[in-house]
Amino acid sequence: MNSVYRMADIDENLRIAGLRPLDVLVVGGTGAGKSSTLNTLFQREVAKVGNEGEPETMSVNSVRLNNLMRFWDTPGLGDNVYKDKGYAKELVNVLYRECTISDKQYGLIDTVLVILDGSGRDLGTTYKLLNEVIVPNIQTDRILIAINQADVAMKGRHWNETWDCPDNVLHEFLEQKAASVQSRIREATGVNVVKPVYYSAERNYNVEKLLDMIIDNIPRERRQLKM
Ligand SMILES: Nc1nc2c(ncn2[C@@H]2O[C@H](COP(=O)(O)OP(=O)(O)O)[C@@H](O)[C@H]2O)c(=O)[nH]1
Ligand SMILES: [Mg+2]
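Residues numbered from 1 in each chain as written. Chains lettered and ligands numbered in written order. Predicted model: local features only at pLDDT ≥ 70, side-chain atom pairs only at ≥ 80, totals over all residues. Heavy atoms only, no water.

1. So, the pairing of strand 3 (residues 69-73)
Threshold: Three labels apply to residues, based on accessible area from a 1.4 Å probe with only protein chains included: buried if under 20% of the type maximum, exposed if over 50%, partly exposed otherwise in between. Working definition: helices are DSSP H or I runs of at least four residues, strands are E runs of at least two. Numbering for both runs from the N terminus. Here, a strand pair is defined by DSSP locating no fewer than two bridges between the strands.
Taking burial as the measure, the five residues of strand 3 include five buried ones, the bulk of the element. Of the two faces of strand 3, the one holding Met69, Phe71 and Asp73 and the one holding Arg70 and Trp72 are both buried throughout. Pairing analysis gives five bridges linking strand 1 (residues 22-28) to strand 3, with the strands arranged parallel. Bridging from a neighbouring strand, Val24 pairs with Phe71 of strand 3. Taking the residues between adjacent antiparallel strands as the criterion, strand 2 (residues 61-66) and strand 3 are bridged by two residues.

Pasting the structure below:
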């Protein structure tokens, strides 16, 4: 992804909100592809990618895409209960981190991007993360959902290797998956999220759609922590 992608739109949306940069917290289960997503967005290795169930991201790190957007990579949820408690605590800490602008305090994180592994069926970890950690600690219209690993959503079948994109069957499957994730999140958490984007960090497929979702949903105002 080009670091000047839709720069004027981002700039304009941030100006309306009085924000700069946009701070995006990236969360999700271990292995969903959070770090891979950042590497693809940045077109270089900004985050360590795990393998064989070995999570690589041990703490919260931030990287700037340009002077308008900053992403916060986090370790995953779902390794074990003990670590999950630590993870939840760390996320809550970040969600309550403050920044000072013109002598006023605001929440540092503007948007939470929840990444799902599109090849898995189990959404339980993500519902738990949303219900227990995210929803209680940030306004729900700041939560965005994205489905990664679109290339292996049907176990690698129906991926068109020539064009490096889904064929019609997989495309239809992904459309339905996005709609069903959206409605299941509504049922499980009560949150009306915008329709999730599906993409593949590994194949660099639809990654611009992921950025579009973030850019088009930039909050209209700074985040108040004390209400
Ligand atoms: N097939 C496929 N594999 C992916 C994709 N994104 C990430 N992976 C793989 O999933 C594993 C976990 O990725 P990682 O970015 O470390 O996940 P994280 O724990 O959420 O940060 C790695 O082996 C990646 O190569 C994708 O879009 N497609
Ligand atoms: Mg990671």
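2. As for the site of ligand 1
Spelled out, the test is: To be near a molecule or strand, a residue needs just one of its heavy atoms within 4 Å of it. Counting of polar contacts relies on pairs of N or O atoms within 3.5 Å, with two restrictions inside protein: one atom must be capable of donating a hydrogen and the other of accepting it, and residues adjacent in sequence are counted only when both atoms are side-chain atoms. For the accessible areas, the method is Shrake-Rupley and the probe is 1.4 Å, while residue cover comes only from the protein chains on display. Any residue outside Ala, Val, Leu, Ile, Met, Phe, Trp, Tyr, Cys, Pro, Asp, Glu, Lys and Arg is labelled polar, Gly included; the first ten of those are nonpolar and the last four are charged.
Surveying the vicinity of ligand 1 reveals 17 residues, the closest of which are Gly31, Lys34, Ser36, Gly50 and Asp151. Here an oxygen atom of ligand 1 and a backbone polar atom of Gly31 are 2.8 Å apart. Look at ligand 1: alone it shows 580 Å² of surface, and the protein chains cover 85% of it. Ranked by residues supplied to the shell around ligand 1, first place goes to helix 2 (residues 34-42) with three residues. Here the shell around ligand 1 is composed, by residue class, of four nonpolar, ten polar and three charged.

3. A few points about helix 6 (residues 207-216)
Judged by how many residues are buried, helix 6 sits mostly within the fold: seven of ten residues are covered. Three or more residues of helix 6 are buried, namely Val207, Leu210, Leu211, Asp212, Met213, Ile214 and Ile215.

4. Focus: the side chain of Thr40
Relative to the helices and strands, Thr40 resides in helix 2. A polar atom in the side chain of Thr40 sits 2.7 Å from the backbone oxygen of Ala201.

5. Focus on the environment of Leu116
Put simply, the rule reads: Should any heavy atoms of two residues lie within 4.5 Å, those residues are considered in contact.
With respect to the helices, strands and loops of the structure, Leu116 is situated in strand 6 (residues 111-117). Judged by relative accessible area, Leu116 falls into the buried class, the value being 4%. Along the chain, Leu116 and Tyr199 lie 83 residues apart, while their C-alpha atoms are 10 Å from each other. In this view, Leu116 contacts Ala32, Leu123, Thr126, Ile145, Ala146, Ile147, Asn148 and Val181; residues no more than four positions away in its chain are not counted.

6. A look at the side chain of Asn148
Checked against the element boundaries, Asn148 lands in strand 7 (residues 143-148). Residue class for Asn148 comes out buried when judged on its relative accessible area of 3%. Aside from chain neighbours lying at most four places away, what touches Asn148 is Ala32, Gly33, Thr37, Ile115, Leu116, Asp117, Gly118, Tyr199, Ser200 and Ala201.

7. As for the packing of helix 4 (residues 124-134) against helix 5 (residues 168-189)
In plain terms, the rule: As a rule, the C-alpha atoms of each element are fitted with a line to give its axis, helices using only the stretch in contact, and angles between N-to-C directions run from 0 to 180 degrees. To sort the angles, those under 35 degrees are grouped as roughly parallel, those over 145 as roughly antiparallel, those from 65 to 115 as roughly perpendicular, and the leftovers as oblique. Left-handed describes a crossing whose near helix is turned anticlockwise from the far helix through less than a right angle; right-handed describes the clockwise counterpart.
Axis separation between helix 4 and helix 5 bottoms out at 10 Å; the angle between their running directions is 45°. As judged from the angle between their axes, helix 4 and helix 5 are oblique. Here helix 4 runs over helix 5; the crossing is right-handed. Residue-level contacts link Tyr127, Leu130 and Asn131 of helix 4 to Arg184, Ile185, Ala188 and Thr189 of helix 5.

8. Considering the pattern of salt bridges
The test is simple: The salt bridge criterion pairs a side-chain nitrogen of Lys or Arg with a carboxyl oxygen of Asp or Glu, the two atoms within 4 Å.
The full count for this structure, using the stated rule, is eleven salt bridges. Taking the shortest distance from any N to any O, the salt bridge between Arg6 and Asp216 comes out at 2.8 Å. Taken together, the residues span a long stretch of sequence, with Arg6 in the segment before helix 1 (7-17) and Asp216 in helix 6 at a distance of 210 residues. Classification of Asp216 by relative accessible area gives partly exposed; the value is 49%. Salt-bridge contacts for Arg70 lead to Asp23; the nearest nitrogen and oxygen are separated by 2.5 Å. Of this pair, Arg70 sits in strand 3 while Asp23 sits in strand 1, and the two are 47 residues apart along the sequence. Each of the two residues, Arg70 as well as Asp23, counts as buried.

9. Quick notes on unusual backbone geometry
Here the bond from Arg20 into Pro21 is cis, since omega is -10°, no more than 30 degrees from zero. Relative to the assigned elements, Pro21 resides in the loop between helix 1 and strand 1. The backbone of Asp164 sits at a positive phi, close to 55°, despite the residue not being glycine. Within the secondary structure, Asp164 is located in the loop between strand 8 (159-160) and strand 9 (165-166). Residue classification places Asp164 among the partly exposed positions, given a relative accessible area of 29%.

Everything listed here is a matter of coordinates, which is why it stays silent on function.
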